[in-house]
Amino acid sequence: MTSTQLSSGDLIADRRADYAHMLAEGGEYVEAAELMEQALEQAPGWAAGWFLLAEYAEKSGRKEAAAAALSKVLVLDPGDLFGARLKLAVLGQASVPDQPSSRYVERLFDDYAERFDEALVEKLAYSVPEKLARLVIERADGKPRYERLIDIGCGTGLFGERFRDHAAYLEGFDLSANMLAKAAQKGVYGHLGQADLLLSPEACGVFGEGRPEHRADIVSAADVLMYLGDLSPAFAIAAHALCGGGLFAFSVEDGGTDSGDGYVIRPSLRYAHTEAFVRQCALKAGFSMLAAERTVIRMDAGEAVHGLLFLARANA
């Protein structure tokens, strides 16, 4: 949560929230929660403040108080800018939603864009772009070069950088305008545009305005689908983007085999999917699976995060 979302509009509430933040940084979560409660007495309509209260309450071991605060967030902000529904699911106080809100995803990456490359590559040993590019090059019938790549959820362009020598023309799409601005600085993509992978192909923003369906021979989604639960919209977009026989290269976080619904929500507020569920989604969308690999995709708090890399072909 950034400073632009922290202001309540009330000076006293903001001051108490600042003190609460200092206490929380020192691990004094009970005291931080008490100060946030005082701040919210001054500014009861402050959705971001209720979200902070939920965070402090959870870290102090008061799950029910955290859930109550998150419910208040959703009353004040039905569009769920802060991902309160996801957090309630992590706490076991609500079912796992099929998707996050688009507002939450857009805000998350708009805030993250400036430090994204440094945080992932240098600090978290993020490796999906390299590994996914290698999977395509090694397993896709030895084809040396593609005419058009559509990179959905392109972020700052990390996959495009790794694949630029293997495609004549690259298009990148992302929900976050700030991510797209960072990608534009790299000069990798011939076209960049805003798109929402939670929407239907007709509404998502990848098509129209001179960008027809079935124009690409490869689509990529590197480290994107973990921000979706139900993968059907993303698979439909990829199917509409690809010509017959085109390739879809993508990654997910590995959900193991224990999820009855095919995906779970992690404490990171990212989704993890089972291999069986991904294969089922691909089949329904008209893809044949060519390859699947398990690998470590990054580190998180010193622990390895395991993922699955896939390469699928659109049926002709």
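Residues numbered from 1 in each chain as written. Predicted model: local features only at pLDDT ≥ 70, side-chain atom pairs only at ≥ 80, totals over all residues. Heavy atoms only, no water.

Asks: Explain the overall build of the protein chain here, please?
Replies: What the protein chain contains, in helices and strands, is 13 helices and 9 strands. The C-alpha atoms of the protein chain give a radius of gyration of 21 Å, which matches the 20 Å a tight globule of 316 residues would have. On the principal axes, the C-alpha backbone points of the protein chain span a range of 65 × 40 × 35 Å. With 316 residues in all, the protein chain has 51% of them scored as buried. Counted over contacts in the protein chain with a minimum sequence separation of 6, partners at least 24 positions apart contribute 61%. Per element, the accessible surface of the protein chain, about 13900 Å² overall, is 50% carbon and sulfur. Taking the average place of the 31 positive charges on the side chains of the protein chain and the average place of its 46 negative ones, the gap between the two points comes to 3 Å. (Helix = DSSP H or I, 4+ residues; strand = E, 2+ residues; numbered from the N terminus. Rg over C-alpha atoms; globule rule 2.2 N^0.38 Å. Buried < 20%, exposed > 50% of the residue type's maximum accessible area, 1.4 Å probe, protein only. Contact = heavy atoms within 4.5 Å. Areas by Shrake-Rupley, 256 points an atom, 1.4 Å probe, with all protein chains shown as cover. Lys, Arg positive; Asp, Glu negative; His and termini not counted. Charge placed at Lys NZ, Arg CZ, Asp CG, Glu CD.)

Asks: I'm lost on the pairing of strand β5 (residues 242–253) in this one. Help?
Replies: Along any regular strand the residues' side chains alternate between the sheet's two faces. Among the 12 residues that make up β5, 9 are buried, leaving the element largely enclosed by the rest of the structure. Note: strand β4 (residues 216–221) against β5, 5 bridges, orientation parallel. The residue of β5 that forms the bridge with V219 is F248. (Pairing = 2+ DSSP bridges.)

Asks: Hey, could you run me through helix α13 (residues 275–284) in this one?
Replies: The α-helix advances 3.6 residues per turn, and as a result positions three or four apart in sequence lie on the same side. Residues E275, F277, V278, C281 and A282 constitute the buried set of α13. Viewed along the axis of α13, the buried residues span an arc of 165 degrees, placing them on a single side of the element. Exposed and oriented more than 90 degrees from the buried face of α13 are A276, L283 and K284. Contact partners of the buried residues in α13: α12 (232–241), β5, β6 (263–265), β7 (271–273), β8 (287–300) and β9 (303–314). (Arc of directions from axis to C-beta.)

Asks: Help me out: how do you make sense of the nonpolar core in this one?
Replies: The nonpolar side chains of a soluble globular protein tend to be buried with one another. In this structure, F163, V219, L225, F235, F248, F250 and F287 are the most contacted members of the largest nonpolar core, which totals 80 residues. For this core, the leading source of residues is β9, giving 7 residues. Excluding residues that lie within four positions of it along the chain, F235 makes contacts with F248, F250, V278, C281, A282, A285 and F287. Membership of the second largest hydrophobic core comes to 32 residues, among which are A39, V73, L81 and A84. (Core = buried A, V, L, I, M, F, W, Y, C linked by side-chain atoms within 4.5 Å.)

Asks: Teacher, can you tell me more about the sheet that holds strand β1 (residues 146–152) here?
Replies: The strand order β3-β2-β1-β4-β5-β9-β8 describes an open sheet built from 7 strands, whose pairing is mixed. With partners counted over all chains shown, the strands left at the sheet margins are β3 (191–194) and β8, one partner each. Between one strand and the next, the sheet's axes are offset by a mean angle of 15 degrees, whatever the strand orientation. Looking at chain direction, strand β2 (residues 167–174) and β3 are connected through 4 bridges and run parallel. For E171, the partnering residue across the bridge sits in β3 and is H191. Where α12 meets the sheet, it contacts β1, β4, β5 and β8, and its direction lies at approximately 150 degrees from that of β5. (Axes fitted to C-alpha atoms, helices over the stretch in contact; angles between N-to-C directions.)

Asks: Even after reading the chapter, I still don't get the packing of aromatic side chains, so can you show me in this structure?
Replies: All chains considered together, the criterion is met by 14 aromatic pairs. On the basis of an interplanar angle of 85 degrees and a centroid distance of 5.5 Å, the ring pair of F235 and F248 is categorised as edge-to-face. Taken as a pair, F235 in helix α12 and F248 in strand β5 lie far apart in primary sequence, 13 residues in all. The class for F235 is buried, based on a relative accessible area of 1%. (Phe/Tyr/Trp six-rings, centres within 6.5 Å; stacked < 30°, edge-to-face > 60°.)

Keep in mind that these numbers describe shape and distance, not what the molecule does.
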